[in-house]
Amino acid sequence: MARRSGVSVATVSRVFNTPEVVSQQTRQLVLGIAAEVGYLPNESARTLATKKSNMVGLVWDTDHRRPGWRHPFLQDILVALKSALSAQGLHLLMLAPDPSPGPARFLRAVQRHNVDGVVIIDNGSRDPAVLALADAGVPCVALDLRFTGPACTYITSDNRGGGRQAARHLIERGHRRIATITGPMPTYPAVERLEGFTAALAEAGLTLAGAPAGDWYLESGYTAMKQLLDLDPRPTAVFAAGDEMAVGALRAVHEAGLRVPEDVAIVGFDDIEVATLIPPGLTTVAQDKTGIGTAAAEAITAMLGGAATPPPTVLPTELIVRGSA
């Protein structure tokens, strides 16, 4: 490349790594020859030269017992995150923890791959290995997890407000025996949704008719709904804190020979695609999934560019009324 361009090896390196210090004429000459011969810069060498890998690590720890990658809500966020990072010339790398035990297993993975920052999707367990990233000063953006540190922020929805929206909708429909299927406690979104929901009930002089816990997935919603249907008197309305659990609850109601919403009204949370497809259509509290992924990308990009750590971002929710309530 240098010989064909008639410039030094150092100048070729600057064209690809610090092009702003090279004249436009020289840049065009070198890039033209690079395109002609199909040259691509060596990313490992570039990382050594610039101390930046242009890679963002993804720590995805949704609990080893559950198929986190399958959940449609998380998939939609991941697509938005990857698209927004790609638009900024950044790559997303799924980080497998270092096999050695101990609280540094994610930190060692970050150091081994030389990633510039990390996006965290965590199960809310406050895993010391995740917290170690914050303590080490690695730029971090967490999703639905209150995460603090010298270079850490988080992106979440207004889970508490969404819980209030669900409760008020059911109250306005005349329901008084109202139950909920919570998310896994004490994860941040599950706690916030429950607190918002119960606060709205209390304002109307009501208390929960039942509150079995789920784990965000369909089978747990099915099991919890069967428990609620065994109550005497049974609830006339149920708020499932996640749409997959709501789908499981719908199945349990239908199997019991009951009708939705005539016998039991159901409201979910997330607005995943199946909410529009399963009869009679799931009333749900919608989260801005694209907004969450995009906001995470913007926050990590800003920090990598030298900006101050952005404050936490809380995105609004919206009640979507369909046939189930």
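Cut-offs and rules
Residues numbered from 1 in each chain as written. Predicted model: local features only at pLDDT ≥ 70, side-chain atom pairs only at ≥ 80, totals over all residues. Heavy atoms only, no water. Phe/Tyr/Trp six-rings, centres within 6.5 Å; stacked < 30°, edge-to-face > 60°. Helix = DSSP H or I, 4+ residues; strand = E, 2+ residues; numbered from the N terminus. Buried < 20%, exposed > 50% of the residue type's maximum accessible area, 1.4 Å probe, protein only. Lys NZ or Arg CZ within 6 Å of the ring centre and 35° of its normal. Disulfide = S-S within 2.5 Å. pLDDT = per-residue confidence, 0-100. Contact = heavy atoms within 4.5 Å. 1 Å grid on protein atoms, 1.4 Å probe; cavity = no way out; pocket = protein on both sides within 12 Å on 5 of 7 lines; lining within 4 Å. Points joined across faces, edges and corners; volume = space filled by probe spheres on them. Axes fitted to C-alpha atoms, helices over the stretch in contact; angles between N-to-C directions. Parallel < 35°, antiparallel > 145°, perpendicular 65-115°, else oblique. Left-handed = near helix turned anticlockwise from the far one by under 90°. Nonpolar A, V, L, I, M, F, W, Y, C, P; charged D, E, K, R; others polar. Salt bridge = Lys/Arg side-chain N within 4 Å of Asp/Glu carboxyl O. Pairing = 2+ DSSP bridges.

With respect to the packing of aromatic side chains
So, step 1. One pass over the full model with this rule turns up 3 aromatic pairs.
So, step 2. Seen from their ring centres, Y154 and Y188 are 6.5 Å apart, and the 75° between their planes marks the pair as edge-to-face. Taken together, the positions of Y154 in strand β5 (residues 152-157) and Y188 in helix α9 (residues 188-203) put the pair 34 residues apart, joining distant regions of the chain. The two residues Y154 and Y188 agree in class, both being buried.
So, step 3. Seen from their ring centres, F239 and F269 are 6.3 Å apart, and the 55° between their planes marks the pair as tilted. Placement of F239 in strand β7 (residues 237-240) and of F269 in strand β8 (residues 265-270) is noted, with a sequence separation of 30 residues between them. Of the two residues examined, F239 and F269, each falls in the buried class.
So, step 4. For the cation-ring pair, R193 lies above F269, with the distance from its terminal atom to the ring centre recorded as 3.9 Å.
So, step 5. We note R251 situated over the ring of Y222; from NZ or CZ to the ring centre the distance is 3.9 Å.

Some details on the state of the cysteines
A covalent bond between the sulfur atoms of two cysteines is referred to as a disulfide.
So, step 1. Summed over all chains, the structure comprises 0 disulfides.
So, step 2. Here C140 stays free of any disulfide, with the sulfur of C152 as its closest cysteine sulfur at 4.2 Å.
So, step 3. The exposure class of C140 is buried, given its relative accessible area of 0%.
So, step 4. C152 gets classed as buried once you look at its relative accessible area, which sits at 8%.

Quick word on the confidence of the model for the chain
So, step 1. With 85% of its residues at a pLDDT of at least 70, the chain reaches an overall mean of 87.
So, step 2. Predicted confidence for residues 43-50 stays below pLDDT 50, and this span has 10 contacts to residues more than four positions away or in other chains.

Section: empty space enclosed by the protein
So, step 1. A complete count under the given rule lists 1 cavity of 30 Å³ or more for this structure.
So, step 2. In terms of lining, the largest cavity is formed by T180, T182, G183, A190, R193, L194, F239 and A241.

With respect to the packing of helix α10 (residues 218-229) against helix α11 (residues 243-255)
So, step 1. Relative orientation of the contacting elements α10 and α11 amounts to 45°, with a least axis distance of 6 Å. By the angle between their axes, α10 is oblique relative to α11. Read as a crossing pair, α10 and α11 show a hand that is right-handed. On α11, the residues that touch L218, E219, S220, G221, Y222, M225, K226 and L229 of α10 are E244, M245, V247, G248, A249, R251, A252, V253 and E255.
So, step 2. Residue classes in the contact of α10 with α11 are distributed as 9 nonpolar, 3 polar and 5 charged.

Quick notes on the pattern of salt bridges
Where charged atoms from two side chains of opposite charge approach closely, those side chains can pair.
So, step 1. Here the structure, examined in full by the defined rule, presents 9 salt bridges.
So, step 2. Salt-bridge contacts for E203 lead to R168; the nearest nitrogen and oxygen are separated by 3.6 Å. Of the two residues, E203 is situated in helix α9 and R168 in helix α8 (residues 159-172); the sequence distance between them amounts to 35 residues.
So, step 3. On the accessibility criterion, E203 (54% relative accessible area) is exposed.
So, step 4. Of the charged contacts in the structure, one is a salt bridge between R259 and D263, with a shortest N-O distance of 3.3 Å.
So, step 5. Under the relative-accessibility criterion, R259 is labelled partly exposed at 47%.
So, step 6. Beyond isolated ion pairs, a larger network of salt bridges with shared partners links R160, E192 and E195.

A look at the sheet that holds β8
So, step 1. Taken in spatial order, the 5 strands of this open sheet run β6-β7-β8-β9-β11, and their pairing is mixed. The strands lining the two open edges of the sheet, one partner per strand, are β6 (178-181) and β11 (318-320). Across the sheet, the axes of successive neighbouring strands diverge by a mean angle of 20°, strand direction being ignored.
So, step 2. Sheet analysis places β8 next to strand β9 (residues 283-286), joined by 4 bridges and oriented parallel. When the bridges of β9 are listed, D270 appears paired with A286.
So, step 3. Lying on the sheet, α9 is in contact with β6, β7 and β8; it crosses β6 at an angle near 175°.

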